[in-house]
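What follows is the residue order along each chain.
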Amino acid sequence: MAEAHSAVAFSFSITHEGWDINYDREVLDLVWQSGVRSWKKRLARFRTGVRNGVYPAHLQSLWLVIAIAVGLHFTQRHVPFDLVNKWLSVLPGDSLQWQLTACSLAGLIVWLSICYTMRYSLKLLLMYKGWMYEKRAPGSRVSLQTRLWGLFVKVLATWNKPGLYSFQGSLPRLPLPSVQDTMQRYLRSVRPLLDDSNYNRMERLAKEFEQGISTKLQRYLFLKSWWSTNYVSDWWEEYVYLRGRGALMVNSNFYGIDAIFMHPTKVQSARAASVVNLLLQFRRTVERQELEPILVQGLVPLCSWQYERIFNTVRAPGVETDKIIHYQDSNHIVVLYRGCYYKVIIYHNGRLLRPCELQIQIEHILQQSEEKPQPGEELLASLTAGDRTKWAQIRQTVFAKGVNRTSLHTVESAAFVLSLDEKPFEFDLAHPEKLDQFGRYLLHGNGHDRWFDKSFTVCVGSNGRIGFNAEHTWADAPVMAHVWENIVADEATNKRYDENGNTVGIPEFEPPTPKRLTWDLNDKVALVAIDEAHIAAQKLLNDVDLRILVHDAYGKGLMKTCRLSPDAFIQMALQLAYYRDAGKFSLTYEASMTRLFREGRTETVRPCTIESAAWVKAMLDSSVSTEDRVRLLNEACERHQLGYQDAMCGKGIDRHLFCLYVVSKYLEIDSPFLQEVLSEPWRLSTSQTPHGQTAKMDLKKHPNCISAGGGFGPVADDGYGVSYIVAGEDLIFFHISSKRSCGTTSSERFAQEICRALADMKHLFEEYRSLQKKNPSNGTKSDKPQAK
């Protein structure tokens, strides 16, 4: 009760002598500052909303148009459509004041007409996707149509500097493919996976579906594609993520790792303070929309919708379905250390705390060595790692009121969570198991030192290395990769630490002392639920087999000399490696973005194709010549690139089939074809981590500042999860995960097969070039790989 009384900022009582008013001036001052900051943000959001609503027109151009209208009117020239006189006919008078009013209203109408004409013209231009299919090899010529298109886009999109969300109103809707086209693409994608009898059966099911209920399902989906902003994204978020009842840890959350060739400081508190400050600065650029939107080839914008929920966001558990809660503002973060939770205030007098001031707060937490977790507190975060329904049920009872509700709200409304780990995050090329352990720490920690519901948790090792664990529902990995890239680039290019490893700068004041959160978890129901969640989390994380492969034999430099797309090159290597490892082909998932469209997220590319299977078999057949192997590889890469381009342009397979399946469930219609398609396991799930999303990063000046990428858990119990990042001309990182309980998979074995496949591909091209030098007449134009 003492804590409750001390939290009261204002109280009064009535005595015989009159009113007795008590108040805490400091607390009321904090309340006032919080309100002022909130209103400033509201006004800023309104201003930027208006600016984005009229983009690509300039907001200041309104005054120019009004001035022109005034000039035309008072020089006896007519404004278009005689708008001034039409306004005067409905206004109370025709005095000078009312004439100026009429001119202003006429100018506003003309200006809005110009704005929306420009906006929809840009939208029509962005519907064109022919540029995606243009070859970019040296010597290739871009078509006249694409060159003219690019000129018009550049004129409309770049004359006025855009904000983060400026292009949102100009982005086209995701197009809905025809069922016939999707069926053709699907059947082609499964041909290398099925024998003749099974393929004929699947072909028959597809034909029955196409000629039967698909017409009705497509009709409803067509209506949704026109009525909603994006016909996929809301259902994808709801049914793939929020309705999932399994554990987030390992199964859904992903991780990102430090720039391992840099180690700017070994002081844990300093590195944590610096990263927190950089993240809060990034949050400010997002809130003010000062962050530049990503433009493909410096011209075509990507959707920025996902950036809205980076900070102040949590996935709250529900009995049947979870929900994403985003708080408009948060003036604190939560720090997790040795099983204890601390609230850290990040503002003072309307400004963000500086790194040196944040370091004082973090050092205060690290010095609380005598602090012991309250009963149940140390393992509390296990609840966020386990079954969602059980977590929702215990949340509705134990965390519904009192200090538990208050503390839980503090955690969930924080900008993000910071975990100060007691173990070092290590990297040593001579001891690859250290990097593997680094990845495991980030993927799952010890099962109770990450708040897996938060949009992301920043993890800082005892030796100052960093990483993050991110929840997947609110956004896809490229958005978090963009955030992380900014952190890495800032630390590489700016001096943030002194010679002792501490943050630079002198504190201007004594920052607020971190406040320890309190919990009441003595209830037997709560302790039992926490123990059960902890046991389940330990079982899950102990089953993870993670291997981080640092492939430094070569990188994209050699791939470019082969005139092949680096992504297609690596995907073909994965196909060869998997076939050698498993002795068969498997349905393969590669994530591709659809952010060329409004509220776009991802689409699936299916790298296992007829062409890739033919090349893999040729590599295992000693009777096939080197020239034929190179030709087949070129064809496989071309097919892969076409599949990737189709996916980015809204011509994918899997999201369309997924939405048709959702409609069938709403209509209570059973489809044997859709049920079989949606139940097919992805035994090889892959994803490329993008980089170069910020202009801050100059790899020529700072070649070591690129992150080592990140990874995720295996999608199938008997499969592999493979994330990779092309980290330079001579370096590729592979994050390979599988389950120890599966007797047919091994992350270490698969890593060796990847190395072997990449070595064989390098040898193949060396042999091919040697043959061309000996006998140039053998090489025909069609034999030579073409750049993508």
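Residues numbered from 1 in each chain as written. Predicted model: local features only at pLDDT ≥ 70, side-chain atom pairs only at ≥ 80, totals over all residues. Heavy atoms only, no water.

**Q** How would you summarise the sheet that holds strand S20 (residues 710-712) if you had to cite specific residues and measurements?
**A** With respect to topology, eight strands assemble into an open sheet ordered S15-S9-S8-S12-S13-S14-S3-S20, the strand pairing being mixed. Where the open sheet ends on each side, the last strands, each with one partner, are strand S15 (515-516) and S20. Where helix H16 (residues 432-444) meets the sheet, its contacts fall on strand S3 (254-257), strand S13 (456-460), strand S14 (466-470) and S20, and the angle it forms with S3 comes to roughly 135°. (Pairing = 2+ DSSP bridges. Helix = DSSP H or I, 4+ residues; strand = E, 2+ residues; numbered from the N terminus. Contact = heavy atoms within 4.5 Å. Axes fitted to C-alpha atoms, helices over the stretch in contact; angles between N-to-C directions.)

**Q** Mind laying out the environment of Tyr 255, listing which residues take part and the relevant values?
**A** Within the fold, Tyr 255 resides in strand S3. As a C-alpha pair, Tyr 255 and Asn 469 span 214 residues in sequence and 4.4 Å in three-dimensional space. Setting aside its immediate chain neighbours within four residues, Tyr 255 contacts Gly 439, Leu 442, Leu 443, Phe 468, Asn 469, Leu 546, Ile 548, Gly 710, Gly 711, Phe 712 and His 735. A polar contact of 2.8 Å, which involves the side chain of Tyr 255, links it to the side chain of His 735. (Polar contact = N/O pair within 3.5 Å; in protein donor to acceptor, adjacent residues only side chain to side chain.)

**Q** Lay out the environment of Trp 391 in plain terms, naming residues and giving numbers.
**A** Assignment of secondary structure puts Trp 391 in helix H14 (residues 388-398). Judged by relative accessible area, which is 1%, Trp 391 ranks as buried. Note: C-alpha distance between Trp 391 and Val 319 (72 residues apart in sequence) is 8.3 Å. Those residues in contact with Trp 391 that sit more than four places away from it in its chain are Pro 317, Leu 383, Thr 384, Phe 399, Leu 408, Trp 451 and Asp 453. A polar contact is formed between the side chain of Trp 391 and the side chain of Asp 453, at a distance of 2.8 Å. (Buried < 20%, exposed > 50% of the residue type's maximum accessible area, 1.4 Å probe, protein only.)

**Q** I'd like to hear about the packing of aromatic side chains, residue by residue, with values.
**A** Enumeration according to the criterion identifies 29 aromatic pairs in this entry. Ring geometry for Tyr 128 and Trp 149: centres 5.4 Å apart, planes at 55°, overall tilted. Linking Tyr 128 in the loop between helix H5 (96-126) and helix H6 (144-158) with Trp 149 in helix H6, this pair joins segments that are 21 residues apart in sequence. Each member of the pair, Tyr 128 together with Trp 149, is buried. Here Trp 391 and Phe 399 contribute two aromatic rings whose centre-to-centre distance is 5.7 Å and whose plane-to-plane angle is 85°, an arrangement assigned as edge-to-face. The exposure class of Phe 399 is buried, given its relative accessible area of 4%. Every member of this aromatic cluster is reached through a ring pair, and the members are Tyr 341, Trp 391, Phe 399, Trp 451 and Trp 519. We note Arg 191 situated over the ring of Tyr 199; from NZ or CZ to the ring centre the distance is 4.4 Å. Between the NZ or CZ atom of Lys 224 and the centre of the ring of Trp 235, over which it lies, the distance is 4.4 Å. (Phe/Tyr/Trp six-rings, centres within 6.5 Å; stacked < 30°, edge-to-face > 60°. Lys NZ or Arg CZ within 6 Å of the ring centre and 35° of its normal.)

**Q** Kindly report on the pattern of salt bridges, identifying the contributing residues and their values.
**A** Enumeration over the complete set of coordinates arrives at 39 salt bridges. For Asp 258, the salt bridge is made with Arg 271, and the minimal N-O distance between the two is 3.1 Å. With Asp 258 in the loop between S3 and helix H11 (268-287) and Arg 271 in helix H11, this pair connects stretches of sequence that are 13 residues apart. Owing to a relative accessible area of 1%, Asp 258 belongs among the buried residues under this scheme. A single network of salt bridges, built from pairs that share partners, joins Arg 245, Arg 315, Asp 322, Arg 388, Asp 453 and Glu 471. (Salt bridge = Lys/Arg side-chain N within 4 Å of Asp/Glu carboxyl O.)

**Q** For the side chain of Thr 410, give the residues involved together with the corresponding values.
**A** Position of Thr 410 relative to the elements: it lies in helix H15 (residues 402-412). Dropping the residues within four chain positions of it, Thr 410 is found in contact with His 332, Val 334, Lys 343 and Leu 517.

**Q** Quick rundown of the UniProt feature "domain: Choline/carnitine acyltransferase" (unreviewed entry) in the protein? Include the residues and the values.
**A** This chain's UniProt record puts "domain: Choline/carnitine acyltransferase" (unreviewed entry) on residues 174-755. Here residues 174-755 is 42% helix and 16% strand, with 38 Å between the C-alpha atoms at its ends. (UniProt positions renumbered as here; feature names shortened; annotations may be inferred.)

**Q** Outline unusual backbone geometry, listing residues and values.
**A** Generally, phi is negative for residues other than glycine and the peptide bonds are trans, each holding for most cases. Here the phi dihedral of Gln 76 falls at roughly 65°; this positive angle occurs in a residue that is not glycine. Within the secondary structure layout, Gln 76 lies in the loop between helix H3 (61-74) and helix H4 (83-90). Although it is not a glycine, Gln 297 adopts a positive phi angle of roughly 55°. Mapped onto the elements, Gln 297 comes out in the loop between strand S4 (295-296) and strand S5 (300-301).

**Q** Summarise the UniProt feature "active site" (unreviewed entry) in the protein; cite the residues concerned and give the values.
**A** Those residues carrying the UniProt feature "active site" (unreviewed entry) are His 472 in this numbering. For His 472, the position within the fold is in the loop between S14 and helix H17 (477-493). The class of His 472 is buried, set by a relative accessible area of 19%. Non-local contacts of His 472, meaning those with residues more than four positions away in its chain, are made with Tyr 241, Ser 252, Asn 253, Phe 254, Ala 477 and Arg 601. One polar contact links His 472 to Tyr 241, side chain to side chain, over a distance of 3.5 Å.

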